[in-house]
Amino acid sequence: MTASFLSLGRAMSSQAFPAGRRARLVVLIYHRVLAEADPVRPGEVTEQEFNWQMQLLARYFRVIPLQEAIERLEAGDLPARSACITFDDGYADNVTLALPILERHGLHATFFIATGFFHDECMWNDEVLDAIRDTPRQQLDLSSMKLSEFQVNTPAARRQATKVIIPRLKYLPFAQRASRVRQLVEICEVESSSGLMMGREGVRKLHEAGMTIGAHTCNHPILSTLSPDEAKKEISRSKDVLEDTIGAPVDLFAYPNGQPGEDYRRVERDIVESLGFSGAVSTSPGAARMLSDPYQVPRFTPWDKQPLPFFLRLLHNARRVPPRYV
């Protein structure tokens, strides 16, 4: 990469992300970093892809801790080209694969951990993905789950099945969803997944490496489906468990699924503030501004698999304002 191209890239990003009172903050969301591509998880980056993405961020942006970014954005002195990196849920590969790459490029990230999966458990959506990927069957009759029949005889067909099944299960009550997932695993004739999530030692390793740990509830419920008391317990318990794990305050929160008005409401936003968090993030795309709500900081996922489209999408995201609030 030539010096002139590098200078042009920095100039373009500085124009899209100015400093001070006109500053715009881009926050990226990741969940997993895979050793190799997974046909039912096309949106997750591989180790190789994550490495060049972090290299690009290190070259063209100023990656700073999310806590600092929120504070400086609100004060009107955020540096130009500011960006933050976040991970949701607490997958073990965040420690084994993502952390070494972040350290190689001198970058900071915030990891939002769902604490209910510390004991070698697996999130329900991963059970669905793994069951459909690994099933020896070519067709699935899911009428007993109030779904239809699915052809799963090709990788594309299996991906399509997951795109239909996961949204249909996501908003069910917890117990009903768990029952449906068990049914699916039995129909697929596979074993339940396990071991995908990090435990307390992984959380401590991230903290000791200088990364920020944030709360993400215990069981990753859709908060808008809970009563305010239930939501408060989920949020506060995850904060308490994480603070006990790392022996330090946990000041940031990520709403599960994260769509304002659909996955969380004003009541949950206010609960987060009342519990002493200093900021929270959604999954509404766009870039935060000085007057943005610090408890609804927008984030987006960069899907592109090549450097130039990835870079241009970052610039495009800077213009996506205002984000949706509750």
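Residues numbered from 1 in each chain as written. Predicted model: local features only at pLDDT ≥ 70, side-chain atom pairs only at ≥ 80, totals over all residues. Heavy atoms only, no water.

(A) Just helix α4 (residues 93–104), in detail. Between its first and last C-alpha, α4 extends 16 Å over 12 residues, near the 16 Å set by a 1.5 Å rise per residue. Taken together, the buried positions of α4 are Asp93, Asn94, Val95, Leu97, Ala98, Leu99, Ile101 and Leu102. Looking at the buried side of α4, the elements it contacts are β2 (33–34), α2 (47–60), β5 (82–89), β6 (110–113) and α8 (200–208). Positive phi shows up at Gly106, right after α4, with a value of about 65°. (Helix = DSSP H or I, 4+ residues; strand = E, 2+ residues; numbered from the N terminus. Expected span 1.5 Å × (residues − 1). Buried < 20%, exposed > 50% of the residue type's maximum accessible area, 1.4 Å probe, protein only. Contact = heavy atoms within 4.5 Å.)

(B) Expanded view of the layout of surface pockets. In this structure, the largest pocket encloses a volume near 1200 Å³. His31, Glu44, Lys170, Asn257 and Trp303 are, among the 43 residues lining the largest pocket, the residues nearest its centre. Those elements that place two or more of their residues in the lining of the largest pocket are β1 (26–30), β5, α5 (124–134), α6 (155–170) and α11 (307–317). Element by element, the count of residues in the lining of the largest pocket is highest for α6, at six residues. Classifying every residue of the lining of the largest pocket gives 18 nonpolar, 12 polar and 13 charged. (1 Å grid on protein atoms, 1.4 Å probe; cavity = no way out; pocket = protein on both sides within 12 Å on 5 of 7 lines; lining within 4 Å. Points joined across faces, edges and corners; volume = space filled by probe spheres on them. Nonpolar A, V, L, I, M, F, W, Y, C, P; charged D, E, K, R; others polar.)

(C) Just empty space enclosed by the protein, in detail. In this structure the tally under the stated criterion is one cavity of 30 Å³ or more. Around the largest cavity, the lining residues are Leu25, Ile70, Leu73, Glu74, Arg289, Met290, Ser292, Asp293, Pro294 and Val297. Of the residues belonging to the lining of the largest cavity, the class tally is six nonpolar, one polar and three charged.

(D) Here's a closer look at the environment of Lys232. On the secondary structure map, Lys232 appears in helix α9 (residues 228–246). Accessibility expressed as a relative area gives 40% for Lys232, which makes it partly exposed. For the pair Lys232 and His316, spaced 84 residues apart in sequence, the C-alpha to C-alpha distance is 36 Å. Once residues within four sequence positions are removed from consideration, Lys232 is found in contact with Ile271 and Leu275.

(E) Spatial organisation of the pattern of salt bridges. One pass over the structure, following the stated rule, counts 20 salt bridges. Of the charged contacts, one joins Asp38 and Arg41 as a salt bridge, the two residues approaching to 2.7 Å between their closest N and O atoms. With a closest N to O distance of 3.6 Å, Asp77 and Arg72 form a salt bridge. A single network of salt bridges, built from pairs that share partners, joins Asp38, Arg41, Asp126, Asp130, Arg133 and Asp134. (Salt bridge = Lys/Arg side-chain N within 4 Å of Asp/Glu carboxyl O.)

(F) Quick look at the environment of Leu242. Relative to the helices and strands, Leu242 is located in helix α9. What makes Leu242 buried here is its relative accessible area of 0%. C-alpha of Leu242 to C-alpha of Glu47: the two residues are 195 residues apart in sequence and 27 Å apart in space. With residues near it in sequence (within four places) discarded, Leu242 still touches Ile113, Thr115, Phe118, Val203, Ile213, Gly214, Ala215 and Val250.

(G) Local environment of unusual backbone geometry. Its identity is not glycine, yet Asp89 carries a phi of approximately 95°, on the positive side. Within the element layout of this structure, Asp89 appears in strand β5. Residue classification places Asp89 among the buried positions, given a relative accessible area of 5%. Phi angles above zero are rare outside glycine, and Glu189 is one such case at about 60°. Relative to the assigned elements, Glu189 resides in the loop between α7 (174–188) and α8.

(H) The pairing of strand β9 (residues 212–215), seen in detail. Covered by surrounding structure in β9 are Thr212 and Gly214 together with Ile213 and Ala215, the residues of both alternating faces. In this sheet, β9 lies alongside β6 in parallel orientation, the contact comprising four bridges. Paired with Ile113 across the two strands is Ala215, which belongs to β9. (Pairing = 2+ DSSP bridges.)

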